[in-house]
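Geometric and topological summary
Here are the chains, one letter per residue:
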Amino acid sequence: MGVDLAVWLPSAAGRSGDEPTPGPLANEAAIREATQQTRAETTQTGRWTHTLIPNLTSWVERSHGQVDFYLTQVISGHGCFRSYLKRFGHETEDWCPVCGSGVVEDARHELFECHRFDHERQKLEAVAGSSILPETLVPLMLADQCVWEAAATFAADVMKSLREQERRRKEQTE
């Protein structure tokens, strides 16, 4: 699904001569945002982030919520996930030590599937009032500041735990 540039470019959106036209900086910002949205929808490296944040406009224009270190790791998938660490030679295996070989330890698995974090996930779902899925997490966060804060706590709890487990594995190999 691409971005319709008519939405972003005032001249293509059918403006009449009587309406004020945004200046060049507004057009540049709109084009930049449309380009980022299109890139997120079409590249493999941004697929996880796009799954969580399918609409950049609603994310950028949100009325609440700060993105911290742990949320950044969750949103990007660039955290202490064994599949990510293996890509850079920091892990020899990419499977989840709780669920067993054949189950890749990545952001999707750890946050939404792994039993290791069932308790933390249930606390978030209690605040959200529904089950969380990759496709519903960010919309729920954007709709309710309490859900945002619960999701940020969930992200921090998961990422801190994964980091501690990574440290222990390293100590065992040294």
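Residues numbered from 1 in each chain as written. Predicted model: local features only at pLDDT ≥ 70, side-chain atom pairs only at ≥ 80, totals over all residues. Heavy atoms only, no water.

Looking at an unreviewed UniProt entry, one finds the protein chain named Reverse transcriptase, with Drosophila kikkawai as its source organism.

1. With respect to the nonpolar core
Heads up, the rule is: Nonpolar cores are built from buried Ala, Val, Leu, Ile, Met, Phe, Trp, Tyr and Cys residues. Side-chain atoms within 4.5 Å join them into one set. Think of it in three bands: residues with accessible area under 20% of the maximum for their type are buried, residues over 50% are exposed, and the middle band is partly exposed, with areas taken using a 1.4 Å probe on protein chains only. Strands here mean DSSP runs of E at least two residues long; helices mean DSSP runs of H or I at least four residues long; both are numbered from the N terminus. Two residues form a contact once any of their heavy atoms are found within 4.5 Å.
In terms of nonpolar packing, the biggest core is built from 33 residues, with L111, L124 and M141 touching the most fellow members. Elements that contribute at least two residues to this core include exactly α3 (47-52), α4 (56-60), α5 (69-76), α6 (82-87), α7 (107-112), α8 (118-128), α9 (134-143) and α10 (145-173). Not counting chain neighbours up to four residues away, the residues in contact with L111 comprise W48, V74, R121, F154 and V158.

2. With respect to the pairing of strand β2 (residues 100-104)
Rule in force here: Strands pair, by our definition, only if DSSP identifies at least two bridges between them.
As defined by bridge partners, strand β1 (residues 95-96) adjoins β2 across two bridges and the pair is classed as antiparallel. Bridged to C96 within β2 is G100. Connecting β1 to the antiparallel partner β2 that follows it, the hairpin turn spans three residues.

3. Concerning α10
One turn of the α-helix equals 3.6 residues, which is why residues spaced by three or four share an orientation. Applicable threshold: A helix's residues, less one, multiplied by 1.5 Å, set its expected span. For the purposes of these results, a polar contact is taken to be a pair of N or O atoms within 3.5 Å, where, inside protein, one atom must be able to donate a hydrogen and its partner to accept one; residues adjacent in sequence count only when each atom of the pair is a side-chain atom.
Compared with an ideal rise of 1.5 Å per residue, which puts 29 residues at 42 Å, α10 spans 42 Å between its outermost C-alpha atoms and is within 8% of the ideal. Between a side-chain oxygen at the N-terminus of α10 and the backbone nitrogen of C146 the separation is 2.7 Å; the capping residue is D144.

4. A few points about α8
Stated precisely, the cut-off is as follows: Think of it as the arc spanned by the lines of direction from the helix axis to the C-beta atoms.
Residues of α8 that are buried include every one of R121, L124, E125 and A128, and no others. Each buried residue of α8 sits inside an arc of 100° when the element is viewed along its axis, so together they form one side. Opposite the packed face of α8, turned more than 90 degrees from it, sit the exposed residues H119, Q122 and A126. The elements touched by buried residues of α8 are α7, α9 and α10. Of the residues trailing α8, G129 is marked for its positive phi of about 80°.

5. What about the packing of aromatic side chains?
For clarity, the threshold we go by: A pair of Phe, Tyr and Trp rings is counted when the ring centres sit within 6.5 Å of each other, with Trp represented by its six-membered ring. The angle between the planes then sorts it: under 30 degrees is stacked, over 60 is edge-to-face, the rest tilted. Any Lys NZ or Arg CZ that is within 6 Å of a ring centre and within 35 degrees of that ring's normal is treated as a charge sitting over the ring.
All told, the structure shown has four aromatic pairs when counted by the stated rule. Relative to Y70, the ring of F69 has its centre 5.2 Å away and its plane inclined at 75°; by these criteria the two rings are edge-to-face. R62 extends its terminal NZ or CZ atom over the ring of W59, reaching a point 4.6 Å from the ring centre. In this structure, R82 packs its charged tip against the face of W95, placed 4.9 Å from the ring centre.

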